[in-house]
Amino acid sequence: MGNWEGFGAFWASLDGSTAVLVQLTVMLLGAFLLSRLTRRLKLPNVTAYLLAGVVIGPHALNLVSQEMISSMDFVTDLALSLIAFGVGRYFKWGSLKKSGPKVVLLTAAEALSAALLVGVVLIFVFELPLELALMLAAIASATASTSTLMTIRQYRAKGHFVKRLLQVVALDDVVALICFSLCAAIAQVEEGQAVSGWLLALPVAYNLLSVILGAGMGLVLKGALQRLHSAYNRLLLTVVLLLMMGGMCGMMGVSPLLGCMAMGAVYANTAKGNQLFKLTEKFSPPILTCFFVISGMKLDLGALSSAGLIGVAYFIARIVGKYLGALWGAAAIRETREVRRYLGLALIPQAGVSIGLAALGERMLPAEMGAMLSNIILASAVLYELVGPALAKLSLRLAGAIKPRERSAQRPVEADQTPQTEQPRESLSAACR
């Protein structure tokens, strides 16, 4: 590390709270400065946050201590809870009732095709340990809803293609979580122990229980917010319930994604308007930024050489699996020509949920396997975030979701900018007066 090793002594000279504040400042400032650069290169902010973590992390400049990184694991669960709650709004019963079976089949086809192809390549070509290959295959089924949604919003894309894409992206993480739960159950079986139906059913049962609890939380949230009119208090109660949901899922040893997604879906179907979701979107940026920066800091650049070829194979196999799965699934349900040809291109981004699942998987596997899992997913996430949004934009254009007159007459909305029409009626500052 050279002279950068001196930062370890510098952090040690500070008291605990001061060191935390200074290192948080370094993390957020690094993310902000790099996002200015990536914006000029027309790259998504997620890429900047991951790269900032790599640069300031212990495997590069070492500006943030390893103790700080380890103490912030809770940020992963909180960030995933916020992401999942926001995705829940797209599970509107009216839309699912009309096209639910078709969307489920299409989503299963693209997600499972990616998982199957990645699993086959890693097991039979690279001969990876079964538990590691299964977890990588399960994570391969996930798609970054955040990147896709930001691309759609930035270019004001509309139409049937966009509607179907949003439905698939929302359900995609459900498939990924079910796959991950099953693979995690197999991975945690002790060597020489038979894989029983109970061991496979238990994590599924816990995830089902988290969905039921999340649905109940959604009803509680809807009822409680009817008595609250201040934006400040509405946001406060929502965050409290999300933290509670994440804590209960943590006690059961499952991801908070499904439960928080169910909470968001029930609230979206029983309450009027999307004002609450817009409030949480305004609250979440610093938390999501920390989450991605921390994920980048865990990327061991030195270990990439040993897993480099495997990472490349994972990267390519997932793209091929997603595209072919979307093509076959869309043909099976007789979707439009645009959906058949271009949906797969819009499903390439992978960050957020996949990084969260990698963090969970790293805790379950032995140290060496866990490090390899994390490095492959994080390195792939950077590559996917470099090419994914561009391919999503291309698919929207080819599908006719971005109209030529809109491209020439309107300036795209910034990825982190909320249009004026989406502003909450009452600002937080006004609510605090």
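One numbering rule holds for all chains: residues counted from 1, following each sequence as written. This being a predicted model, a pLDDT of at least 70 is required before a residue's local features are given, and a value of 80 or more before pairs of side-chain atoms are given or counted; all residues contribute to the totals for chains, interfaces and linings. Side-chain metrics in this entry use all non-hydrogen atoms of the structure; hydrogen atoms and water are not considered.

Student: What is the right way to look at a nonpolar patch on the surface in this model?
Tutor: Like charges are joined within 9 Å and nonpolar side chains (Val, Leu, Ile, Met, Phe, Trp, Tyr) within 5 Å, but only among residues with over 30% relative accessible area and no salt bridge; these make up the patches. Where accessible areas are quoted, they stem from the Shrake-Rupley method and a 1.4 Å probe; at the residue level, only the protein chains shown are allowed to cover. Just to be clear on terms, a salt bridge is a Lys or Arg side-chain nitrogen sitting within 4 Å of an Asp or Glu carboxyl oxygen. Residues L117, L309, V312, I316 and V320 make up a contiguous nonpolar surface patch of about 410 Å² in total accessible area. The residue V312 is located in helix α15 (residues 304-332) in this model. Only runs of H or I of at least four residues qualify as helices and only runs of E of at least two qualify as strands under DSSP, and these elements are numbered from the N terminus.

Student: Explanation requested: the packing of aromatic side chains in the structure shown.
Tutor: For any pair of aromatic rings, geometry is given as the distance between the ring centres together with the angle between the planes. Two rings belonging to Phe, Tyr or Trp (six-membered ring only in the last case) form a pair when the distance between their centres is within 6.5 Å. Interplanar angles under 30 degrees mark stacking, angles over 60 mark edge-to-face geometry, and anything in between is tilted. Tallied over the entire structure, the rule returns four aromatic pairs. Both rings, one in F291 and one in F292, keep their centres 5.0 Å apart while their planes meet at 45°; by these two values the pair is tilted. F291 sits in the buried class, given a relative accessible area of 1%. For F292, a relative accessible area of 5% puts it in the buried group. The structure contains a cluster of three or more aromatic residues connected by ring pairs, namely F85, Y267 and F277. The ring of Y384 has R318 lying over it, and the distance from NZ or CZ to the ring centre is 4.6 Å. With a 1.4 Å probe rolled over the protein chains alone, any residue whose accessible area is under 20% of its type maximum counts as buried; one over 50% counts as exposed, and the rest are partly exposed. Consider the ring centre and the ring normal. A charge sits over the ring if Lys NZ or Arg CZ is within 6 Å of that centre and within 35 degrees of that normal.

Student: Would you mind showing me how to read helix α11 (residues 231-252) here?
Tutor: Residues separated by three or four positions in an α-helix point in the same direction, a consequence of the helix having 3.6 residues per turn. Across its 22 residues, α11 extends 32 Å between first and last C-alpha, which sits within 8% of the 32 Å expected from 1.5 Å per residue. Looking at α11, one finds that the buried residues are A231, R234, L235, T238, V239, L241, L242, M245, G246, C249 and M252. Burial along α11 is one-sided: seen end-on, the buried residues are contained in an arc of 165°. For α11, the N-terminal cap is S230; the gap from its side-chain oxygen to the backbone nitrogen of Y232 is 3.2 Å. Two residues or fewer past α11, G253 is found with a positive phi of approximately 75°. One less than the number of residues in a helix, times 1.5 Å, gives the span that helix is expected to have. Arc definition: it is the arc formed by the directions from the helix axis to the C-beta atoms. For the purposes of these results, a polar contact is taken to be a pair of N or O atoms within 3.5 Å, where, inside protein, one atom must be able to donate a hydrogen and its partner to accept one; residues adjacent in sequence count only when each atom of the pair is a side-chain atom.

Student: Mind showing me how you'd approach the nonpolar core here?
Tutor: The nonpolar side chains of a soluble globular protein tend to be buried, and buried together. Here, nonpolar core means buried Ala, Val, Leu, Ile, Met, Phe, Trp, Tyr and Cys residues that are tied together by side-chain atoms lying within 4.5 Å of each other. Counting 120 residues, the largest nonpolar core has M27, L136, L165, Y314, L343 and L396 as its most contacted members. Residue contributions to this core peak at 15 residues, all from helix α9 (residues 160-187). In what follows, residue pairs with any heavy atoms lying within 4.5 Å of each other are defined as contacts. Sequence-distant contacts of M27, that is, excluding residues within four places in its chain, are made with I56, V64, M68, M72, C290, V293, I294 and M297.

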